[in-house]
Amino acid sequence: MQYTKTGSCLCGKCTYKVHTDKLEVGACHCSLCRKWSSGVVMGLHIDGSVELENQDTLTWYKSSEWGKRGFCSECGTNLFWSMQDESMMVPMVGTLVDVSDLVFNSEIYIDCKPAFYEFA
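Residues numbered from 1 in each chain as written. Predicted model: local features only at pLDDT ≥ 70, side-chain atom pairs only at ≥ 80, totals over all residues. Heavy atoms only, no water.

Caption draft 1: Representation of the sheet that holds strand β3 (residues 24-28) in the model. Taken together, three strands build an open sheet; the order of strands is β4-β3-β10 and the sheet is mixed. The open sheet has two free edges, formed respectively by β4 (41-45) and β10 (103-108), since each of these has just one partner strand. Averaged over all adjacent pairs, the angle separating strand axes in this sheet is 30°, with direction ignored. The sheet contact formed by β3 and β10 spans five bridges and is parallel. In the sheet register, Cys 28 faces β10, and the bridge partner there is Ile 108. (Pairing = 2+ DSSP bridges. Helix = DSSP H or I, 4+ residues; strand = E, 2+ residues; numbered from the N terminus. Axes fitted to C-alpha atoms, helices over the stretch in contact; angles between N-to-C directions.)

This is the structure in structure tokens:
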């Protein structure tokens, strides 16, 4: 089944659509993600594509040799983690309009997770 999800930044100047066959959420506990978000990063692991609609204020930051992070330069909302070549793009779950049917199913860099929080 194909799903379409919409998302945006806080000010609404960056908008996007996700077309995917799955609605799986993963959490990353690596130090870069925690610094970027001031906590755990939760992204939608898609099996499909991201359609960038309004992207005038979308800015990319090269955060590693293989990855980059997209954010709105107007309001600062963290929107995407992506491979440098954009072969994989992960929208941040908090930027999606409707999260009612998402399923949390994975965590990575769990060995880097601080001791002060834990998921049930």
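Caption draft 2: Expanded view of the pairing of strand β8 (residues 78-83). Relative to β8, strand β7 (residues 67-72) is paired through five bridges, and the arrangement is antiparallel. Residue Gly 70 lies in a different strand from β8, and its bridge partner there is Phe 80. The antiparallel pairing of β7 with β8 creates a hairpin that spans five residues between the two strands, and Gly 76 there sits at a positive phi of about 85°. Where β8 meets strand β9 (residues 89-91), three bridges bridge the pair, whose relative direction is antiparallel. Looking at the pairing, Ser 82 lines up with Met 89 of β9. Between the antiparallel neighbours β8 and β9 lie five residues, among them Glu 86 with a positive phi of about 60°.

Caption draft 3: Summary view of unusual backbone geometry. Not every positive phi belongs to a glycine, and Ser 38 is a case in point at roughly 65°. Here Ser 38 is to be found in the loop between α1 (31-37) and β4. One non-glycine residue, Tyr 109, lies in positive phi territory at about 55°. Considering the arrangement of structural elements, one finds Tyr 109 in the segment after β10.

Caption draft 4: Main features of the environment of Glu 53. As for its position among the elements, Glu 53 is in the loop between β5 (48-52) and β6 (58-62). For the pair Glu 53 and Lys 13, spaced 40 residues apart in sequence, the C-alpha to C-alpha distance is 9.6 Å. Ignoring anything within four residues of it in the chain, the contact list for Glu 53 reads Thr 15, Tyr 16 and Lys 17. (Contact = heavy atoms within 4.5 Å.)

Caption draft 5: Quick look at the pattern of salt bridges. This structure, assessed with the given rule, holds six salt bridges. Linking Lys 68 and Glu 86 is a salt bridge whose minimum nitrogen-to-oxygen distance equals 2.7 Å. Residue Lys 68 is found in strand β7, and its partner Glu 86 is found in the loop between β8 and β9; the two are separated by 18 residues along the sequence. Residue classification places Lys 68 among the buried residues on the basis of a relative accessible area of 10%. For Glu 86, a relative accessible area of 40% corresponds to the partly exposed category. (Salt bridge = Lys/Arg side-chain N within 4 Å of Asp/Glu carboxyl O. Buried < 20%, exposed > 50% of the residue type's maximum accessible area, 1.4 Å probe, protein only.)

Caption draft 6: Structural context of the pairing of β7. With respect to burial, β7 is a largely interior element, five of its six residues being buried. Across five bridges, the pairing between β6 and β7 is antiparallel. Opposite Leu 58, over in β7, you have Cys 72 as the bridge partner. Linking β6 back to β7 in an antiparallel pair, the connection comprises four residues.

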